[in-house]
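Next come the chains, spelled out residue by residue.
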Amino acid sequence: MTAATAAAPAATRRRRLGTTNPVVYFIALVVAAFSLGPVLYSILGGFRSNAQLAESPAGMPDPWVWSNYAGVLTNPNFWRYGLNSMIIALLTTAVVVVFGLMAAYPLSRYQFPGREKIYMIFVLGLLFPATVAVIPLFIIISKDLGMSNTWWGVALPQAAFALPTTIVILRPFLQAIPGELEEAAMIDGASRMSVFTRIMVPLSAPGLITVGVLAFVGSWNAYLLPLLLLQGDMRTLPLGVADFSTEHSSDTAGVFAFTTLSMIPAMVFFLTMQRRIVGGLQGAVKG
């Protein structure tokens with residue numbers, strides 16, 4: 001096959017895809033506008049005064065007001081709530097990654113009776129919303145385990161509800177790893193644990209990063225469970241935003257500033273890991 005004949009189908013595919021590009025770009029712009037519009041409005045609203053917002057709700061800051069963000073950054077509650085959110089999100093992420101990998105590994109690499117049935121239980125867990133189990137979870141965490149108003153009391157249930165997604169994403173990664181690698185390592189004298197830690201974990205790193213980012217962002221944005229289990233200084237940033245909005249309902253610009261600063265850590269973390277997340281999800285689909 002010559003280079004010209006090989007390039008012809010590629011050119012044909014490009015032309016075929018090019019006919020749909022304007023429609024795809026238009027849809028992408030509409031989705032981006034609906035997604036980023038409220039975020040940009042909140043960011044710019046924090047640089048405006050309440051008088052500017054009342055006079056021209058959709059206008060640009062003129063002049064730019066920095067005192068709203070400065071007031072939030074000097075508010076000790078903001079940093080206290082941010083620390084709680086960060087610790088809970090890190091605990092949730094650690095539990096999800098470690099236990100999700102430990103559960104996905106035997107479900108993907110070992111053959112045993114009932115394997116697919118166990119896997120289907122986790123798949124069905126995707127259809128089980130956390131709101132349905134809020135009251136039983138509250139009773140178990142607060143009364144039976146005595147972990148109410150603690151970081152672990154929120155992190156463990158959040159990790160449990162994130163495990164089905166984690167296992168569904170990680171299983172294809174582990175299944176796609178050639179079995180010859182395990183056999184070669186076993187012949188060289190490696191133990192099961194060595195094969196797991198030195199071969200399986202590094203090769204499944206894209207999937208681990210993907211589920212870790214999803215768990216972190218989901219925990220950072222969680223509202224209902226922390227609302228029921230956390231009180232006082234243990235509250236998280238989403239709860240702090242709600243409290244600040246209630247206490248300063250007349251200070252719309254201050255609420256915009258508090259909301260914007262609350263979502264920056266999760267947004268920066270997600271955007272930093274965006275390429276790895278896309279690559280991890282593509283690997284899960286291919287597997």
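For the largest pocket, the calculated volume is near 440 Å³. Taken together, 21 residues form the lining of the largest pocket, with A130, Q158, F161, A162 and G218 sitting closest to its centre. At the level of elements, helix 7 (134-144), helix 8 (151-176), helix 11 (205-220) and helix 12 (224-229) are the ones that each hand at least two residues to the lining of the largest pocket. Examining the composition of the lining of the largest pocket, we find that six residues originate from one element, helix 8, more than from any other. Split into classes, the residues belonging to the lining of the largest pocket amount to 14 nonpolar, seven polar and no charged.

Turning to the packing of helix 5 (residues 76-109) against helix 6 (residues 115-125), a few remarks are in order. The geometry of helix 5 relative to helix 6 is characterised by a closest axis approach of 9 Å and an angle of 140° between their N-to-C directions. Judged by the inter-axis angle, helix 5 sits oblique to helix 6. The crossing of helix 5 and helix 6 is left-handed. In this structure, helix 5 contributes P106, L107, S108 and R109 to the contact, and helix 6 contributes R115, I118, Y119 and F122. Of the residues that constitute the contact of helix 5 with helix 6, the class distribution is five nonpolar, one polar and two charged.

Quick look at the environment of M200 now. Note that M200 resides in helix 10 (residues 192-203). Exposure remark for M200: the relative accessible area of 0% places this residue in the buried category. In this structure the C-alpha to C-alpha distance between M200 and F173, which are 27 residues apart in sequence, comes to 9.3 Å. Sequence-distant contacts of M200, defined by excluding residues within four places in its chain, comprise Y105, R109, L174, I177, E182 and V195.

Turning to the pattern of salt bridges, a few remarks are in order. Evaluation of the coordinates by the stated rule reveals four salt bridges. One salt bridge in this structure joins D233 and R80, with 3.9 Å as the shortest N-O distance. Highlighted residues: D233 in the loop between helix 12 and helix 13 (237-247) and R80 in helix 5, separated in sequence by 153 residues. Taken together, the salt bridges that share partners define one network made up of R115, E116 and R171.

Another point: helix 10. Because each turn of an α-helix spans 3.6 residues, side chains separated by three or four positions in sequence point in the same direction. Given a rise of 1.5 Å per residue, 12 residues ought to cover 16 Å, and the 16 Å separating the end C-alpha atoms of helix 10 matches this to within 8%. For helix 10, the set of buried residues is V195, F196, I199 and M200. Buried residues of helix 10 fall within an arc of 125° about the axis and therefore sit on the same side. Facing away from the buried side of helix 10, by more than 90 degrees, are the exposed residues M193 and R198. Considering only its buried residues, helix 10 is in contact with helix 5, helix 8 and helix 9 (179-187).

Here is what the cut-offs are and how they apply
Residue indices follow the written sequence of each chain, beginning from 1 at its first position. Per-residue local features of the predicted model are confined to residues with pLDDT of at least 70, and side-chain atom pairs are confined, for both listing and counting, to 80 or more; whole-chain, interface and lining totals are unaffected and use all residues. To get the side-chain values, all heavy atoms of the structure are used, and hydrogens and water are removed first. Site definitions follow a grid-based scheme: protein atoms alone, a 1 Å grid, a 1.4 Å probe that fits but cannot get out for cavities, and for pockets an open set with protein on both sides within 12 Å along at least five of seven lines, plus lining residues having an atom within 4 Å of a point. Grid points are joined across faces, edges and corners, and a volume is the space filled by probe spheres set on the points. Secondary structure elements are defined from DSSP: runs of H or I of at least 4 residues count as helices, runs of E of at least 2 residues count as strands, and each element is numbered from the N terminus. Classification used: nonpolar for Ala, Val, Leu, Ile, Met, Phe, Trp, Tyr, Cys and Pro, charged for Asp, Glu, Lys and Arg, polar for all others including Gly. Orientation is described by axes fitted as lines to C-alpha atoms, over the contacting stretch for helices, and by angles from 0 to 180 degrees between their N-to-C directions. By the definition adopted for this analysis, an angle is roughly parallel if under 35 degrees, roughly antiparallel if over 145, roughly perpendicular if from 65 to 115, and oblique otherwise. We call a crossing left-handed when the near helix sits turned anticlockwise from the far one by less than a right angle, and right-handed when that turn is clockwise. Here, residues are in contact when the closest pair of their heavy atoms is within 4.5 Å. Partly exposed residues are those whose accessible area sits between 20% and 50% of the maximum for their type, while under 20% is buried and over 50% is exposed, using a 1.4 Å probe and protein chains only. What counts as a salt bridge is simple: a side-chain nitrogen of Lys or Arg found within 4 Å of a carboxyl oxygen of Asp or Glu. To estimate the expected span of a helix, count its residues, drop one, and scale the result by 1.5 Å. The arc in question is the one spanned by the directions pointing from the helix axis to the C-beta atoms.

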